[in-house]
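Breakdown of the fold
Chain residues, written in single-letter form:
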Amino acid sequence: MPDNTPFRTTTRHMLKESKTYASQTLMGGLSGFESPIGLDRRDRITALKTGDIGFVHSWDINTSVDGPGTRMTVFMSGCPLRCQYCQNPDTWKMRDGQPVYLDAMIKKVARYADLFKATHGGITFSGGESMMQPAFVSRVFRAAKEMGVHTCLDTSGFLNKNYTDEMIDDIDLCLLDVKSGDEETYHEVTGGLLQPTIDFGRRLAKAGKKIWVRFVLVPGLTSSEENVENVARICESFGDAVEHVDVLGFHQLGRPKWHELRIPYPLEDQKGPSAALKKRVVEQFESHGLTVY
Ligand code: SF4
């Protein structure tokens, strides 16, 4: 890869302030992967379907951001949603990612396997939408489980029909974005449908998997009491599977990317939540017996 490969220093979904995240990040971009060359379009489509290659935006090693312990987070390219608050619109198109061989990705996991085990960490697939390339992701997860490495899928669940129950078996933890609590608001926020998220949460719960719910709080967009109440009820319906809910305050760290890509940014002048609003929302979740971070 050329030396100017972008180094990823911001998280998706506003989990952490970017400076904090950068200080926890050891390396990344797409360094260390040899890309397939000489594959024509048809070969690539076939290899994508079988999972022999995956289109990757970037990867990094971080601590306690995308799951427990020290983790390798791989940001896959491609996303079917168009969230108004997306921090990484540069991940939307799969073709903008870099094709990476499955074997190369598995070797990378193996290289850090001891570190993951020592820190109770592991591998996280994020995006973009991690479920857009189910064969690649689930084959890496299978290999990780064979090495005894913890696996985590960061997803909206929108494409959960791409995942068989067998694939779900290899997911230890899911970071599930519940972006809103009713179809109308969800569609306004993402352009997509809410029901697949609920369906996936239920499938995970039924399979005995752990869920960390993520909810992005945008004043005036996702903040109404009714919307938060509906999100909390959805979390409740997943039962004991939900270990906690992350209430993530909206911020503007993603704005420069929208400008660079010349995509009209709907939240140009949007402010983040006040401390009082965040407190109200946290208390609403807590009143449903949920642990909130
Ligand atoms: S689901 Fe897709 S559009 Fe929404 S925040 Fe994530 S990457 Fe961006």
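The rules behind these values
- Residues numbered from 1 in each chain as written.
- Predicted model: local features only at pLDDT ≥ 70, side-chain atom pairs only at ≥ 80, totals over all residues.
- UniProt positions renumbered as here; feature names shortened; annotations may be inferred.
- Near = placed C-beta within 6 Å.
- Nonpolar A, V, L, I, M, F, W, Y, C, P; charged D, E, K, R; others polar.
- Axes fitted to C-alpha atoms, helices over the stretch in contact; angles between N-to-C directions.
- Helix = DSSP H or I, 4+ residues; strand = E, 2+ residues; numbered from the N terminus.
- Left-handed = near helix turned anticlockwise from the far one by under 90°.
- Contact = placed C-beta atoms within 7 Å.
- pLDDT = per-residue confidence, 0-100.
- Expected span 1.5 Å × (residues − 1).
- Buried ≥ 20, exposed ≤ 12 C-beta atoms within 10 Å, placed from the backbone.
- Arc of directions from axis to C-beta.

An unreviewed UniProt entry lists the protein under the name Pyruvate formate-lyase-activating enzyme, from Bifidobacterium aerophilum. Recorded in UniProt under Function (unreviewed entry), the annotation for the protein is "Activation of pyruvate formate-lyase under anaerobic conditions by generation of an organic free radical, using S-adenosylmethionine and reduced flavodoxin as cosubstrates to produce 5'-deoxy-adenosine." If you open the UniProt record of the protein and go to Subcellular location (unreviewed entry), you find "Cytoplasm".

1. Looking at the site of the ligand
Around the ligand, a shell composed of 14 residues is seen, among which Cys79, Leu81, Cys83, Cys86 and Ser156 lie nearest. Classifying every residue of the shell around the ligand gives 4 nonpolar, 7 polar and 3 charged.

2. Description of the packing of helix α8 (residues 225–237) against helix α10 (residues 275–286)
Packing of α8 against α10 brings their axes to within 9 Å, and their N-to-C directions diverge by 35°. For the element pair α8 and α10, the recorded crossing hand is right-handed. Where α8 abuts α10, its residues Glu225, Val228, Glu229 and Ala232 lie against Val281, Gln284 and Phe285. By residue class, the composition of the contact of α8 with α10 is 4 nonpolar, 1 polar and 2 charged.

3. What about the confidence of the model for the protein?
Interpreting fine coordinate detail is not advised for predicted regions of low pLDDT. Taken residue by residue, the protein gives an average pLDDT of 89. The fraction at 70 or more is 87%. Long-range and interchain partners of residues 1–27, a stretch whose pLDDT sits below 50, account for 56 contacts in this model, where long-range means more than four residues apart.

4. As for α8
Given a rise of 1.5 Å per residue, 13 residues ought to cover 18 Å, and the 18 Å separating the end C-alpha atoms of α8 matches this to within 8%. Among the residues making up α8, those that are buried are Asn227, Val228, Val231, Ala232, Ile234 and Cys235. Here the buried residues of α8 occupy an arc of 155° about the axis, which is enough to place them on one side. Exposed side chains of α8 directed beyond 90 degrees from the buried face belong to Glu225, Glu226 and Arg233. Positioned one or two residues after α8, glycine 239 has a phi angle of 65°, which is positive.

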